[in-house]
Amino acid sequence: ALYAVGGYMELNRAGLFYAQAAARPGVSLDEVEALFMAEIDAVATRGVSDQEVARARQQMEVGLVDGLGTNHALAARIGREMVAYGRVRPLDERIRAIRAVTAADVQRVVQTYLRPESRTVVHVVAPPVVADAAGTATHVNPATTRIWPPALVAPAMYEPIERSLEPLAALLRA
């Protein structure tokens, strides 16, 4: 994989764990997906070490505290907490909850919620290469690309937009 990351979204009565990876050029998405799922299955079967949990705890704590460095971040936290929990949870309460997580908890949660039949997998791929009116290959297909509202975009404005995407399209093809 080119990269692999994961995260979560806390909600009042539920939550969302997500993980994503990008394939290196020439590597199939199916291969990356199989390796990704094998890692999740390994956690369900063998668990994680106490050292891995300690490192994850530390990363979460640092992220939590660092994420409060601006007025905007603080306001966003207050808003999220009020919507999700109906109150703003004190920072020490959240840190205690993070510190309480054990390796057994991680394995139990993976076994309970990340079972193969409970997973949703999405493959995001570049659109097929098509030729524009001039015969130039591009990933942007004017026949299927929609800009709303259409009255605001004149055809003369549309062509430079397509050309500005060409360097990105070249990277995607590489």
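Caption draft 1: Examining the overall build of the chain more closely. Tallying secondary structure elements over the chain gives 6 helices and 4 strands in all. For the chain, the sequential pattern of α-helices and β-strands runs β-β-α-α-α-α-α-β-β-α. Looking at the 174 residues of the chain, the share that counts as buried comes to 17%. Within the chain, contacts between residues separated by at least 24 positions form 50% of all contacts whose residues are at least 6 apart in sequence. As displayed, the chain has an accessible area near 12700 Å², and 61% of this comes from carbon and sulfur atoms.

Caption draft 2: Focus on the pairing of strand β2 (residues 15-22). With 8 bridges joining them, strand β1 (residues 3-10) and β2 adopt antiparallel strand pairing. Its bridge partner lying in β2, Tyr8 is registered against Phe17. Connecting β1 to the next strand, β2, in antiparallel fashion are 4 residues.

Caption draft 3: Quick look at the confidence of the model for the chain. Residues with a pLDDT of 70 or more make up 73% of the chain, whose mean pLDDT is 79. Note that residues 146-165 has pLDDT below 50 and, in this model, 13 contacts with residues that lie over four places away or in other chains.

Caption draft 4: Expanded view of the packing of aromatic side chains. Per the counting criterion, the structure on display carries 0 aromatic pairs. In this structure, Arg89 packs its charged tip against the face of Tyr85, placed 4.0 Å from the ring centre.

Caption draft 5: Structural detail: a nonpolar patch on the surface. A contiguous nonpolar surface patch, about 310 Å² in accessible area, is contributed by Leu74, Ile78, Met82 and Val88. Locating Ile78 in the fold gives a position in helix α3 (residues 71-85). Residue classification places Ile78 among the partly exposed residues on the basis of a relative accessible area of 41%.

Caption draft 6: Focus on helix α1 (residues 29-46). Look at α1: 25 Å from first C-alpha to last across 18 residues, which is about the 26 Å you get at 1.5 Å a residue. Among the residues of α1, Val32, Phe36, Met37, Ile40, Ala42 and Ala44 are the ones counted as buried. Among the structural elements, β1, β2 and α5 (103-113) are those in contact with the buried residues of α1.

Caption draft 7: Here's a closer look at the nonpolar core. If you look at the biggest cluster of nonpolar residues, it comprises 6 residues: Phe36, Met37, Ile40, Ala44, Val110 and Leu114. Tallying contributions element by element places α1 first for this core, with 4 residues. Every residue in contact with Leu114, bar those within four places of it in the chain, is listed here: Phe17, Ile40, Val109 and Arg119.

Caption draft 8: The arrangement of the packing of helix α2 (residues 50-66) against helix α4 (residues 91-99) in detail. Where α2 contacts α4, the axes come no closer than 9 Å and their chain directions differ by 165 degrees. Taken together, the axes of α2 and α4 are roughly antiparallel relative to one another. Like other packed secondary-structure pairs, α2 and α4 cross with a definite hand, here right-handed. Contacts from Arg57, Met60, Glu61, Leu64 and Val65 of α2 reach α4 at Leu91, Arg94, Ile95, Ile98 and Arg99.

Caption draft 9: Molecular detail of the side chain of Glu61. Summarising the element assignment, Glu61 is placed in helix α2. With relative accessibility at 16%, the residue Glu61 sits in the buried group. Look past the residues within four positions of Glu61 in its chain and what remains in contact with it is Ile95, Ile98 and Arg99.

Calculation rules
Residues numbered from 1 in each chain as written. Predicted model: local features only at pLDDT ≥ 70, side-chain atom pairs only at ≥ 80, totals over all residues. Heavy atoms only, no water. Helix = DSSP H or I, 4+ residues; strand = E, 2+ residues; numbered from the N terminus. Buried < 20%, exposed > 50% of the residue type's maximum accessible area, 1.4 Å probe, protein only. Contact = heavy atoms within 4.5 Å. Areas by Shrake-Rupley, 256 points an atom, 1.4 Å probe, with all protein chains shown as cover. Pairing = 2+ DSSP bridges. pLDDT = per-residue confidence, 0-100. Phe/Tyr/Trp six-rings, centres within 6.5 Å; stacked < 30°, edge-to-face > 60°. Lys NZ or Arg CZ within 6 Å of the ring centre and 35° of its normal. Patch = residues over 30% accessible without salt bridge, like charges linked within 9 Å, V, L, I, M, F, W, Y side chains within 5 Å. Salt bridge = Lys/Arg side-chain N within 4 Å of Asp/Glu carboxyl O. Expected span 1.5 Å × (residues − 1). Core = buried A, V, L, I, M, F, W, Y, C linked by side-chain atoms within 4.5 Å. Axes fitted to C-alpha atoms, helices over the stretch in contact; angles between N-to-C directions. Parallel < 35°, antiparallel > 145°, perpendicular 65-115°, else oblique. Left-handed = near helix turned anticlockwise from the far one by under 90°.

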